[in-house]
Amino acid sequence: MGLMPARIIPLHDDRSLAVAMSPAAGPPSLPLADTLARPLRDLRISVTDRCNFRCGYCMPKQVFDKHHEFLPHADLLSFEEITRLAGVFTGLGVEKLRITGGEPTLRRGLETLIAMLARLRTPDGRVPDLTLTTNGSTLVKKAAGLRAAGLKRLTVSLDGLDDAVFQRMNDVGFPVATVLDGIAAAQAAGLGPIKVNMVVQRGVNDDQILPMARHFRHSGVVLRFIEYMDVGTTNGWRMDQVLPSAEVLRRIAAEWPLQPLSHSAPGETAQRWAYADGGGEIGLISSVTQAFCGDCNRARLSTEGRLYTCLFAHRGHDLRALLRGEPVDDAQLARAIAGVWTGRSDRYSQLRGTAQAAAEPRVEMHYIGG
Ligand code: SAM
Ligand code: SF4
Ligand code: SF4
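A short tour of the structure in this document, coming up. (Residues numbered from 1 in each chain as written. Chains lettered and ligands numbered in written order. Predicted model: local features only at pLDDT ≥ 70, side-chain atom pairs only at ≥ 80, totals over all residues. Heavy atoms only, no water.)

Our next topic: the site of ligand 1. Lining the immediate environment of ligand 1, one finds 20 residues, of which Y57, G102, S157, V199 and M229 sit closest. In this structure, a nitrogen atom belonging to ligand 1 sits 3.0 Å away from a main-chain N or O atom of G102. Contacts to ligand 1 include E103, whose side-chain N or O atom sits 3.2 Å from a nitrogen atom. Summarising the interface, the protein chains cover 95% of the accessible area of ligand 1, which totals 550 Å² for the free molecule. Elements that contribute at least two residues to the shell around ligand 1 include exactly β3 (129-134), β5 (195-200) and β6 (222-227). Per-class residue counts for the shell around ligand 1 are eight nonpolar, 10 polar and two charged. (Near = heavy atom within 4 Å. Polar contact = N/O pair within 3.5 Å; in protein donor to acceptor, adjacent residues only side chain to side chain. Areas by Shrake-Rupley, 256 points an atom, 1.4 Å probe, with all protein chains shown as cover. Helix = DSSP H or I, 4+ residues; strand = E, 2+ residues; numbered from the N terminus. Nonpolar A, V, L, I, M, F, W, Y, C, P; charged D, E, K, R; others polar.)

Structure below.
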């Protein structure tokens, strides 16, 4: 399959939001559950659709070239709007906030947003888990400031240790050493535990699995291997490019014996394994070969304020229109969000390969957030 032109899909369904917002709908009953009895626990917030990398599996250069139009600044949710929505989500059961993008550290003043989000509390007074996913390119400069603003931990994406492989994957010639320096800066700033995400593509970087495992053993960093996914419409995904997690596990275990660990939290995406010799742990995110929709508790807020209830959704709900329209109070926003969540039935990964899944358009990952 060739590369497809980028399509940002601005579909939304304001009818459901309007109905849910009416006072007659009453306060949402908590805990919220969707139609498959899954709670809402995790909110991923995309703060920019821009990126300084052009990873072929996410923003292929041929599509996201100099003619591609990114969102104008006025269309982005402001920090105040993001924080207000995050507060409402926290009131509805969200315990984990993940800042993502695009490359989130490119959003000017991100530290200010982190500081605003770090002040949020759950209804019973707990501090939500606040984290960030980054390509690591700016961490040498930014790690200490992010930590000072209230960030506790982060995830860095890194697809290999070999410069030729990594530069081919980020497609802008970005060197491995700068990302490794960024990880070291994050550790030095006291951010932790640090996770490293590696997307594995068969024949592209699967020769990096063992070098990456060797490098991060005994480092305190948790390395996680992600199966290459068919997100968006532009990456030309093919099943034969997916290296199943079972194969990743087999290769690592042949070198260093592994023991299974239990899931750390319900809805956790990674299967966790520990090196038997005490070298730390790894994670396997098998979104393609072992779908984990059954306990998926994640919502996503796009850069321009649309709420998506699945990474593969074709429709977002326009929360920004609510924020910028007739004045609404937080209780109304909560009813609107609850209405979306309680109507949710997404389980794309379980349906992958079916006619139903193939027929639906999908939103791009850099816009919705990974
Ligand atoms: N730019 C940041 C970064 O790369 O960490 C944050 C955004 S990125 C979209 C979030 C995560 O999604 C990254 O770990 C990235 O590797 C992953 N990702 C992007 N496209 C993917 C795909 N097609 N399959 C699997 N993971 C993907
Ligand atoms: Fe950028 Fe992250 Fe997508 Fe790579 S995966 S193109 S770093 S947003
Ligand atoms: Fe959740 Fe959708 Fe991924 Fe399934 S496919 S785990 S519902 S985000």
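From this point, the narrative continues.
To find the voids left in a structure, one rolls a probe of water-molecule size over its atoms. Taken as a whole and assessed by the stated rule, the structure comprises one cavity of 30 Å³ or more. Volume-wise, the largest cavity comes out at about 40 Å³. The wall of the largest cavity is formed by A213, F216, R217, V221, L223, Y275, G279, E281 and I282. Listed by contribution, the elements that provide at least two residues to the lining of the largest cavity are α7 (209-216) and β9 (281-285). (1 Å grid on protein atoms, 1.4 Å probe; cavity = no way out; pocket = protein on both sides within 12 Å on 5 of 7 lines; lining within 4 Å. Points joined across faces, edges and corners; volume = space filled by probe spheres on them.)

Moving on to the pattern of salt bridges. Counted according to the given criterion, the structure contains 23 salt bridges. Put simply, E281 and R272 hold a salt bridge, and the shortest N to O gap is 2.9 Å. Two residues, D318 and R306, come together in a salt bridge whose shortest N-O distance is 3.5 Å. Here the residue D318 occupies a position in strand β12 (residues 317-318), and R306 occupies one in strand β11 (residues 306-308), the gap between them amounting to 12 residues. For the pair formed by D318 and R306, the shared burial category is buried. (Salt bridge = Lys/Arg side-chain N within 4 Å of Asp/Glu carboxyl O. Buried < 20%, exposed > 50% of the residue type's maximum accessible area, 1.4 Å probe, protein only.)

Here the focus is the environment of A334. Examined against the element boundaries, A334 turns out to sit in helix α10 (residues 330-342). We classify A334 as buried; its relative accessible area is 12%. For the pair formed by A334 and G91, sequence separation is 243 residues and the distance between their alpha carbons is 8.0 Å. Residues contacting A334, with those up to four places away along its chain left out, are P28, V88 and L92. (Contact = heavy atoms within 4.5 Å.)

Buried within helix α4 (residues 139-149) are the following residues: L139, A143, L146 and A149. Buried residues of α4, viewed axially, fall in a sector of 135°; they line one side. Across from the buried face of α4, at angles greater than 90 degrees, the exposed residues are V140, K141, A144 and A148. Where α4 is buried, its residues contact α3 (110-118), β3, β4 (155-157) and α6 (176-188). (Arc of directions from axis to C-beta.)

Next up on the list: the packing of aromatic side chains. The geometry of an aromatic ring pair is captured by two quantities: the separation of the ring centres and the angle between the planes. What the rule picks out here adds up to four aromatic pairs. Seen from their ring centres, F53 and F166 are 6.2 Å apart, and the 75° between their planes marks the pair as edge-to-face. Placement of the pair is F53 in the loop between β1 (42-46) and α2 (79-91) and F166 in helix α5 (residues 163-170), with a sequence separation of 113 residues. Take F53: its relative accessible area is 2%, and that puts it in the buried class. Ring geometry for F312 versus Y348: centroids 4.2 Å apart, planes at 15°, classification stacked. Taken together, the positions of F312 in the loop between β11 and β12 and Y348 in helix α11 (residues 348-351) put the pair 36 residues apart, joining distant regions of the chain. A single burial state applies to F312 and to Y348, both of which are buried. Three or more aromatic residues joined by ring pairs form one cluster here, namely F53, F166 and F174. The ring of Y275 has R217 sitting right over it, with the charged end atom 4.6 Å from the ring centre. (Phe/Tyr/Trp six-rings, centres within 6.5 Å; stacked < 30°, edge-to-face > 60°. Lys NZ or Arg CZ within 6 Å of the ring centre and 35° of its normal.)

Another point: the packing of α2 against α3. One way to put it is that α2 packs onto α3 with a least axis distance of 10 Å and a crossing angle of 25°. Regarding the angle of α2 to α3, the classification is roughly parallel. Judged by the twist between their axes, the crossing of α2 over α3 is right-handed. Within the contact between the two elements, α2 uses F79, E80, I82, T83 and A86 and α3 uses L110, T112, L113, M116 and L117. (Axes fitted to C-alpha atoms, helices over the stretch in contact; angles between N-to-C directions. Parallel < 35°, antiparallel > 145°, perpendicular 65-115°, else oblique. Left-handed = near helix turned anticlockwise from the far one by under 90°.)

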